[in-house]
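Fold and contact review
The primary structure of each chain is shown beneath.
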Amino acid sequence: MLEKPRVLLKISGETLSGIGKYRYGRQALNAITAEALSVVDQVKLAIVIGGGNIIRGAELKEEIGLKDSIVADYAGMMATIINAIILQDVLEESDLEVRVMSAIEVKPVAEVYIRRRAIRHLDKGRIVIVAGGTGNPDVSTDSAMVLRAHELGAKLVLKGTKTDGIFDKD
Ligand code: UDP
């Protein structure tokens, strides 16, 4: 039997809010769930999640003039973890099996991201939500998208934005 390809989907934080004024929109979450359900039998799906609906480092630095700007980036990375556990719960409502793996250790809510474990989860048909970005400040979750896609050997990278824009690249 042909091996299912690994696919990496990047979902920005704003995608979770959809058109509403809140951090999360039920319709947007349902749309993501529908997408996941439609592909999960054909591909091994990893999702890199953003945090922009809660905190973007650069915006927070500006907002309160933080002296230690690195802190704002860590706050942004924590925001991605919040999004990850919420998305996990929503996807599991539809009986999808989902694991959250974080670049920053948050033991009670997520596994630590370990490449080989991530691949194992994917092989078992679980969706892996990659949280915490790269774990390093000064970059965005788009960097995490590229990094994780490379190390997980993703055959296809899709990026979901608020404007429904999708691109793929190798
Ligand atoms: N971030 C970071 N390192 C990373 C990923 C994210 O410092 O590897 C911080 C950064 O401040 C960023 C915030 O986390 O603004 C939220 O991520 P991002 O802006 O990429 O979310 P998105 O726009 O995709 O929702």
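Scroll up for the structure.
Residues numbered from 1 in each chain as written. Predicted model: local features only at pLDDT ≥ 70, side-chain atom pairs only at ≥ 80, totals over all residues. Heavy atoms only, no water.

**A word on the overall build of the chain**
Across its full length, the chain carries six helices and six strands. N-terminal to C-terminal, the α/β element order of the chain is β-α-α-β-α-α-β-β-α-β-α-β. Its C-alpha radius of gyration of 15 Å places the chain within 12% of the 15 Å reference for a compact globule of 170 residues. Seen along its three principal axes, the alpha-carbon backbone of the chain occupies a region of about 55 × 35 × 35 Å. Put simply, the chain has 170 residues, and 44% of those count as buried. When contacts within the chain are restricted to residue pairs at least 6 apart in sequence, long-range pairs at least 24 apart make up 70% of them. Computing the positive centroid from 23 side-chain charges and the negative centroid from 23, the chain places the two 4 Å apart. (Helix = DSSP H or I, 4+ residues; strand = E, 2+ residues; numbered from the N terminus. Rg over C-alpha atoms; globule rule 2.2 N^0.38 Å. Buried < 20%, exposed > 50% of the residue type's maximum accessible area, 1.4 Å probe, protein only. Contact = heavy atoms within 4.5 Å. Lys, Arg positive; Asp, Glu negative; His and termini not counted. Charge placed at Lys NZ, Arg CZ, Asp CG, Glu CD.)

**Examining the nonpolar core**
As a rule of thumb, soluble globular proteins bury nonpolar side chains together. Grouped together as the largest cluster of nonpolar side chains are 26 residues, with contacts concentrated most on Ile47, Leu87 and Ile129. Secondary structure elements with two or more residues in this core: β1 (6–11), α2 (26–39), β2 (44–49), α4 (69–93), β3 (98–102) and β5 (127–131). The element contributing the most residues to this core is α4, with six residues. Counting residues in each nonpolar core, the second largest holds 15 residues, with Ile119, Leu122, Val130 and Val157 among its members. (Core = buried A, V, L, I, M, F, W, Y, C linked by side-chain atoms within 4.5 Å.)

**Concerning the site of the ligand**
Within the structure, the ligand sits among 21 residues, and Gly13, Asp73, Thr134, Asn136 and Thr141 are positioned closest to it. Contact distances for the ligand include 2.7 Å between a nitrogen atom and a backbone N or O atom of asparagine 136. Note that an oxygen atom of the ligand is positioned 2.5 Å from one of the side-chain N or O atoms of threonine 141. In the complex, the protein chains occlude 93% of the 520 Å² of accessible area that the ligand would expose alone. For the shell around the ligand, the element with the highest residue contribution is α4, accounting for three residues. Of the residues belonging to the shell around the ligand, the class tally is four nonpolar, 13 polar and four charged. (Near = heavy atom within 4 Å. Polar contact = N/O pair within 3.5 Å; in protein donor to acceptor, adjacent residues only side chain to side chain. Areas by Shrake-Rupley, 256 points an atom, 1.4 Å probe, with all protein chains shown as cover. Nonpolar A, V, L, I, M, F, W, Y, C, P; charged D, E, K, R; others polar.)

**Points about the pairing of β3**
The element β3 is extensively covered by neighbouring structure, given that four of its five residues are classed as buried. Both β3 and strand β4 (residues 111–112) contribute to a ladder of two bridges, which runs parallel. Of the residues in β4, the one forming a bridge with serine 102 is valine 112. (Pairing = 2+ DSSP bridges.)

**Describing the side chain of threonine 15**
Tracing the sequence through the fold places threonine 15 in helix α1 (residues 13–17). Of note is the side chain of threonine 15, whose polar atom sits 3.2 Å from the backbone oxygen of glycine 160.

**A few points about unusual backbone geometry**
The residue aspartate 95 is not glycine, and still its phi comes out positive at about 65°. Structurally, the position occupied by aspartate 95 is in the loop between α4 and β3. Its identity as a non-glycine residue notwithstanding, aspartate 138 has a phi of 75°, on the positive side.

In short, shape yes, function no, at least from these values alone.
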